[in-house]
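Structural features, examined
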Amino acid sequence: MSHALTTKLQPGTPAPDFILKDAQGRTVSLADYRGKSVIVYFYPKAATPGCTTEACDFRDSLASLQGKGYEVLGISPDAPEALAGFTGDFGLTFPLLSDPDHAVALAYGAWGEKLVKGEIVEGIVRSTVVVDPAGNVALVQYQVKAEGHVASLKEELGL
């Protein structure tokens, strides 16, 4: 299937830098967040049931996460226009970034084969990477479930 299956990130290694467009077409870089802890989560497609559940959980937990020093960035292959609709429809209050060629997902180990409706397909593997203020990987979670993910992430981070 894919000749470009990804390598999983390991805690303690530098997080791959990226520069992507947000829902408004503005450029956002991981380097913009240096000095802060950042939760970077990858999701397959805006406005689908699981992705909406996960995004709304992050939205509802954003104040408590930010209160503990964490910022949140969501990344999917969706175009900025789709991200703008998703943000508006669900009142999302953190940046969603467009990774149309899934290069960042590949770099983060969040792209690969997965089972969808009984078929093996290639795409985003729902994943979360926590980047520390120095730009290193602090925590990695692959193949997370949308439902309850934010609560378990907060527990693992001791929040």
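Please refer to the structure higher up on the page.
Residues numbered from 1 in each chain as written. Predicted model: local features only at pLDDT ≥ 70, side-chain atom pairs only at ≥ 80, totals over all residues. Heavy atoms only, no water.

**Details of the overall build of the protein chain**
Within the protein chain, the secondary structure is distributed over four helices and nine strands. In the protein chain, the succession of helices and strands from N to C terminus is β-β-β-α-β-α-β-α-β-β-β-β-α. Compactness check: the protein chain gives a C-alpha radius of gyration of 14 Å against a globular reference of 15 Å for 159 residues, within 12% of the reference. For the protein chain, the spread of C-alpha atoms along the three principal axes comes to 40 × 35 × 30 Å. Of all 159 residues assigned to the protein chain, the portion counted as buried reaches 47%. Pairs at least 24 apart in sequence give 64% of the contacts found in the protein chain among residues at least 6 apart. (Helix = DSSP H or I, 4+ residues; strand = E, 2+ residues; numbered from the N terminus. Rg over C-alpha atoms; globule rule 2.2 N^0.38 Å. Buried < 20%, exposed > 50% of the residue type's maximum accessible area, 1.4 Å probe, protein only. Contact = heavy atoms within 4.5 Å.)

**Overview of unusual backbone geometry**
Backbone geometry places A47, a non-glycine residue, at a positive phi of 70 degrees. Turning to its location among the elements, A47 is positioned in the loop between strand 3 (37-42) and helix 1 (49-67). For H102, which is not glycine, the phi torsion reads 50 degrees and is therefore positive.

**Concerning the pattern of salt bridges**
Pairs can form between side chains of opposite charge once their charged atoms are near each other. The tally for this structure, following the rule as stated, stands at four salt bridges. Taking the shortest distance from any N to any O, the salt bridge between R126 and E54 comes out at 2.7 Å. Of this pair, R126 sits in the loop between strand 7 (119-124) and strand 8 (127-131) while E54 is found in helix 1, placing the two residues 72 residues apart along the sequence. With respect to burial, R126 and E54 carry one shared label: buried. (Salt bridge = Lys/Arg side-chain N within 4 Å of Asp/Glu carboxyl O.)

**Structural notes on the pairing of strand 8**
The buried fraction of strand 8 amounts to five of the five residues, a majority that puts the element mostly inside the structure. Here strand 8 shows two buried faces, one formed by S127, V129 and V131 and the other by T128 and V130. Across five bridges, strand 3 lies against strand 8 in antiparallel orientation. Residue pairing in the sheet places Y41 in a bridge with T128 of strand 8. The sheet contact formed by strand 8 and strand 9 (residues 137-142) spans five bridges and is antiparallel. By the bridge assignment for strand 9, S127 is matched with Y142. What sits between the antiparallel neighbours strand 8 and strand 9 is a turn of five residues, in which G135 has the positive phi angle 90 degrees. (Pairing = 2+ DSSP bridges.)

**Notes on the nonpolar core**
Among the nonpolar cores identified, the biggest contains 23 residues, and F18, F42, I75, L97, V104, Y108 and V129 are the most heavily contacted of them. Elements with a minimum of two residues in this core: strand 3, strand 4 (70-76), helix 3 (103-107), strand 8 and strand 9. With three residues, strand 3 is the largest single contributor of residues to this core. Leaving out residues up to four positions away in the same chain, Y108 has contacts with T7, L9, A15, P16, F18, L30, F42, V129 and Y142. Of all hydrophobic cores here, the second largest spans 22 residues; its members include Y43, F58, L65 and L92. (Core = buried A, V, L, I, M, F, W, Y, C linked by side-chain atoms within 4.5 Å.)

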